[in-house]
Amino acid sequence: MLSSHEALAWYLEGARTHVSLAGPPVLAVRVDDDGDTLFVSANEAERLIAEELLPEDADRVVRVPWHQPVLDAAGDALTEAEVAPALRAARASLLPAEADRYRALGRETAEVLTAVARGLRSSTTERSAAAGLAEGLAGRGIDPLVILVAGEERVPHRHPLPTDEPLGRRAMLVVCGRRHGLIANATRWVGEAGADDDRILDVEAAFFAATRPGARLNDVFAAGAAGYAASGFDADEWTKHHQGGPTGYAGRDPRATTLTTDAVVSNHAFAWNPSALGAKVEDTVLVTESGIEVLTVDPSWPTVEFAGLARPVARAFG
């Protein structure tokens, strides 16, 4: 039984399965040997058939009264939790059409960050910057799942929900945007450069160097985490915030730890996000047989060549 946003969007070719971003999907799919059955809230069925589902899905829809949970109507089946590793493995290697959607999403997400950054000043409030990011993403059909903004006084926070504070001399912008079920994750800095910007790129390079098809996620994580001490940070800096991991139809699929042993495969999307006090780097990339392809890229954003990749640096205000 597929019942999560990530599994449903993957299985149904990028269909939007939500009404509220904070709510559960409005359908579930029971996958049987002899075909699929889509259990859909009756008040959402016609819209989904007309706008989200493939034409051949229409005859497989079972309309469920709005007051009945779709999972109750669907009956017994294996839950996603019971086959979670197999599901992650099935969606890890992106098909060519998925990769093309991701490239477009990554480029447009990066373009929104650039467009908003051009209009920022030190006096701009965090909430005003966040509003610009939300507008830019929504205008391109991208769901703004996460928008974080930290001005100068709040950059030590790893997850800074925006406030009325001004940006000051240096600010961090973070977005996670979803379209066709795929999620683009990116972080950018505006204003002054940070003292640890180069060192955090060193740590990211350690993650990238280890993220190769055939590697195991726990080994990649260990290599990236060791990059902190090698780059002059405290050896335990990695313990102070999660480091990211595979992405795609979930923000992190899964979040990497010392215990996650999923295999890295070709055409596997990743978003590592190494960070330290007042420093962070994050982009969504595709891991291929020939190396790392950065997806969240806008040529208009200033970059520096680092370990063979163009990596973003702080952009001046305005």
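In short, a report on the structure. Being a predicted model, the structure only gives us computed values, none of them experimental.

1. A closer look at the overall build of the protein
In step 1: The number of helices and strands found in the protein is eight helices and 14 strands.
In step 2: Over its C-alpha trace the protein gives a radius of gyration of 20 Å, about what one expects of a compact globule, namely 20 Å for 318 residues.
In step 3: Principal-axis analysis of the C-alpha atoms places the extent of the protein at approximately 60 × 40 × 30 Å.
In step 4: Counting every position in the protein, which comprises 318 residues, the buried fraction comes to 53%.
In step 5: Of the contacts formed within the protein by residues at least 6 apart in sequence, a portion of 61% connects residues at least 24 apart.
In step 6: Summed over all atoms, the accessible surface of the protein reaches about 13,900 Å², with 53% contributed by carbon and sulfur.
In step 7: Here the protein carries 30 positive and 46 negative side-chain charges, and the mean point of each set is 5 Å from the other.

2. Things to note about the nonpolar core
In step 1: The biggest cluster of nonpolar side chains holds 30 residues, and the ones touching the most others in it are Leu-94, Tyr-102, Leu-120, Leu-133, Val-149, Leu-173 and Val-190.
In step 2: When residues of this core are traced back to their parent elements, those giving at least two are helix H5 (96–118), helix H6 (126–138), strand S4 (143–150), strand S5 (170–179) and strand S6 (182–191).
In step 3: In terms of residue count, the dominant contributor to this core is H5 (seven residues).
In step 4: Residue contacts for Leu-173: discarding those within four places in its chain leaves Leu-113, Leu-120, Ala-129, Leu-133, Leu-148, Val-149, Ala-186, Thr-187, Arg-188 and Val-190.

3. Things to note about the sheet that holds strand S11 (residues 285–288)
In step 1: Strands sit in the order S7-S8-S11-S12 across an open sheet of four strands; the sheet is antiparallel. In this open sheet, the two edge strands, each paired with only one partner strand, are strand S7 (244–246) and strand S12 (291–294). The average undirected angle you get between the axes of adjacent strands in this sheet is 25°.
In step 2: Where S7 meets strand S8 (residues 268–272), three bridges bridge the pair, whose relative direction is antiparallel. Counterpart to Gly-244 in the pairing with S8 is Trp-272.

4. Section: the sheet that holds strand S1 (residues 27–32)
In step 1: Read from one edge of the open sheet, three strands run S1-S2-S3, paired in mixed fashion. Each end of this open sheet is capped by a strand with a single partner; those strands are S1 and strand S3 (61–64). Between one strand axis and the next, the sheet turns by 20° as a mean value, whatever way the strands run.
In step 2: Pairing geometry for S1 and strand S2 (residues 35–41), over six bridges, is antiparallel.

5. Considerations on the packing of H5 against H6
In step 1: Two elements in contact, H5 and H6, have axes separated by 9 Å at closest approach and are oriented at 140°. For H5 against H6, the interelement crossing comes out right-handed. Here Thr-109, Val-112, Leu-113 and Val-116 of H5 lie close against H6, whose contacting residues are Ala-129, Gly-132, Leu-133, Gly-136 and Leu-137.

6. Describing the pairing of S6
In step 1: Here S6 lies mainly inside the structure; 10 of its 10 residues are buried.
In step 2: Here 10 bridges tie S5 to S6, and the two strands are oriented antiparallel to one another. Bridge pairing in S6 links Cys-176 to Asn-185.
In step 3: Hairpin connection between S5 and S6: a loop of two residues separates the two successive antiparallel strands, and His-180 in this loop has a positive phi of roughly 55°.

7. A closer look at the pattern of salt bridges
In step 1: Counted under the stated rule, the structure contains 27 salt bridges.
In step 2: Between Arg-30 and Asp-32 there is a salt bridge, with the nearest N and O atoms lying 3.1 Å from each other.
In step 3: Its relative accessible area of 22% is what places Arg-30 among the partly exposed residues.
In step 4: Arg-199 serves as the salt-bridge partner of Asp-196, at 2.7 Å between the closest nitrogen and oxygen.
In step 5: The structure contains a network of salt bridges with shared partners spanning Arg-107, Glu-108, Glu-111, Arg-140 and Arg-179.

8. Thoughts on unusual backbone geometry
In step 1: Of the consecutive residues Asp-253 and Pro-254, the connecting peptide bond is found in the cis state with omega at 0°.
In step 2: In this structure, His-180 takes a positive phi of about 55° despite not being glycine.

9. Brief notes about helix H4 (residues 84–92)
In step 1: Along H4, the residues that are buried comprise Leu-87, Arg-88, Arg-91 and Ala-92. Projected down its long axis, H4 carries its buried residues within an arc of 135°, all on one side. Across H4 from its buried face, at more than 90 degrees, point the exposed residues Pro-85, Ala-86 and Ala-89.
In step 2: Buried residues along H4 sit against helix H1 (5–11) and S8.

Cut-offs and rules
- Residues numbered from 1 in each chain as written.
- Predicted model: local features only at pLDDT ≥ 70, side-chain atom pairs only at ≥ 80, totals over all residues.
- Heavy atoms only, no water.
- Helix = DSSP H or I, 4+ residues; strand = E, 2+ residues; numbered from the N terminus.
- Rg over C-alpha atoms; globule rule 2.2 N^0.38 Å.
- Buried < 20%, exposed > 50% of the residue type's maximum accessible area, 1.4 Å probe, protein only.
- Contact = heavy atoms within 4.5 Å.
- Areas by Shrake-Rupley, 256 points an atom, 1.4 Å probe, with all protein chains shown as cover.
- Lys, Arg positive; Asp, Glu negative; His and termini not counted.
- Charge placed at Lys NZ, Arg CZ, Asp CG, Glu CD.
- Core = buried A, V, L, I, M, F, W, Y, C linked by side-chain atoms within 4.5 Å.
- Pairing = 2+ DSSP bridges.
- Axes fitted to C-alpha atoms, helices over the stretch in contact; angles between N-to-C directions.
- Left-handed = near helix turned anticlockwise from the far one by under 90°.
- Salt bridge = Lys/Arg side-chain N within 4 Å of Asp/Glu carboxyl O.
- Arc of directions from axis to C-beta.

All quantities given are derived from atomic positions and should not be read as evidence of function.
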